[in-house]
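The residues making up each chain are set out below.
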Amino acid sequence: MVHIVGAGPGAPDLITVRGKELLERADVIIYAGSLVNPALLEYRKTQCQVYDSAKMTLEEVIAVMAEAERQGKMTVRLHTGDPCIYGAIREQMDELEERGIPYDVCPGVSSFCGAASSLKMEYTLPKITQSVIITRMAGRTPVPERESIASFAAHGATMVIFLSTGMLDQLSEELIKGGYLPDTPAAIVYKATWEDEKTISCTVESLSASARRENIKKTALILVGNAVAQNGYERSKLYDPVFTTEYRKGTGDE
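Definitions and cut-offs
Numbering of residues starts from 1 in every chain and runs along the sequence as written. Owing to the predicted nature of the model, reporting of local features is limited to residues with pLDDT of at least 70; listing and counting of side-chain atom pairs is limited to 80 or more, with chain, interface and lining totals taken over all residues. Hydrogen atoms and water are omitted, and side-chain values are computed over all heavy atoms in the structure. Here, a disulfide means two cysteine sulfur atoms that sit within 2.5 Å of each other. Buried residues are those whose accessible area, probed at 1.4 Å on protein chains only, stays under 20% of the maximum for their type, while exposed residues exceed 50% and partly exposed ones sit between those limits. Whenever a helix is involved, its axis is fitted only over the stretch in contact; in every case the axis is a line through C-alpha atoms, and angles between N-to-C directions fall within 0 to 180 degrees. The way it works is that DSSP assigns letters per residue, a run of H or I at least four long becomes a helix, a run of E at least two long becomes a strand, and they are numbered from the N terminus. An angle below 35 degrees is read as roughly parallel, one above 145 as roughly antiparallel, one from 65 to 115 as roughly perpendicular, and any other as oblique. Crossings are assigned a handedness: left-handed for a near helix turned anticlockwise from the far helix by less than a right angle, right-handed for a clockwise turn. The contact definition used throughout considers only heavy atoms, calling two residues in contact when any of these lie within 4.5 Å.

(A) Layout of the state of the cysteines. Evaluated as defined, the whole model comprises zero disulfides. Cysteine C48 is unpaired, with the sulfur of C106 as its nearest cysteine sulfur at 16 Å. The class of C48 is buried, set by a relative accessible area of 9%. The thiol sulfur of C106 is not disulfide-bonded, and the nearest other cysteine sulfur, from C84, lies at 12 Å.

(B) Representation of the packing of helix 2 (residues 58-70) against helix 3 (residues 90-99) within the structure. Two elements in contact, helix 2 and helix 3, have axes whose closest approach is 11 Å; the angle formed by their N-to-C orientations is 45 degrees. Comparing their axes, helix 3 and helix 2 come out oblique. Like other packed secondary-structure pairs, helix 2 and helix 3 cross with a definite hand, here right-handed. Counting all contacts with helix 2, which are made through L58, V61, I62 and M65, the residues of helix 3 involved are E91, Q92, E95, L96 and R99.

(C) Representation of the side chain of T184. Positionally, T184 belongs in the loop between helix 6 (168-178) and strand 8 (185-190). Assessed through its relative accessible area of 6%, T184 is described here as buried. What T184 contacts, discounting residues up to four positions off in sequence, is C202, T203, V204, V224, G225 and N226.

Structure representation (structure tokens):
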């Protein structure tokens, strides 16, 4: 059996209970060494075999899984955050299905959730924005033109931008081109929930200068939108005494 496990955003205790139990039982662990906190490997049993997928191709990863399956061993494929976001898991699952190897997926806490907790931030604020766009800049790996940063910026929603820390000058240009004002609130969260985490408040136009000042070149999330400022919002209707819900009668309906 192969278990694809989300490692969480970084802190070892932010893996799910299920994910930790799978790590403790694994005979083989293949982990994304460039991103996953190596402290998570301390959960493994002594005789467990460990492979760093940062140094492997897809074919090599699948070969390790297939050999473990042939030997009746249990494999954990450990991905950073939640594997459904930029985890490249679909191609792995297709290869496993082709070989008849059973697998499942254990979700994890995404780094975009970890970043919000580090900033003590709510992404969806009444009258500010009710939508979150998760995306990245086009780089060596392209994105469809219809999903360009500028096209998403036109919505004015909260944006969480992955894998783009090395292109912040271009990112600011695209965000402003799409409709964000240069002074729109923004934040950079470096290694969210790790011990060496950094959080930087800035604006859309100062993203690059802020990252240079802190010597941040990778492993950071960019958050953009008026919600980043965490002000100017309206009170939630859910807990408003005037508002009637399925569970209580509001004073406004008396």
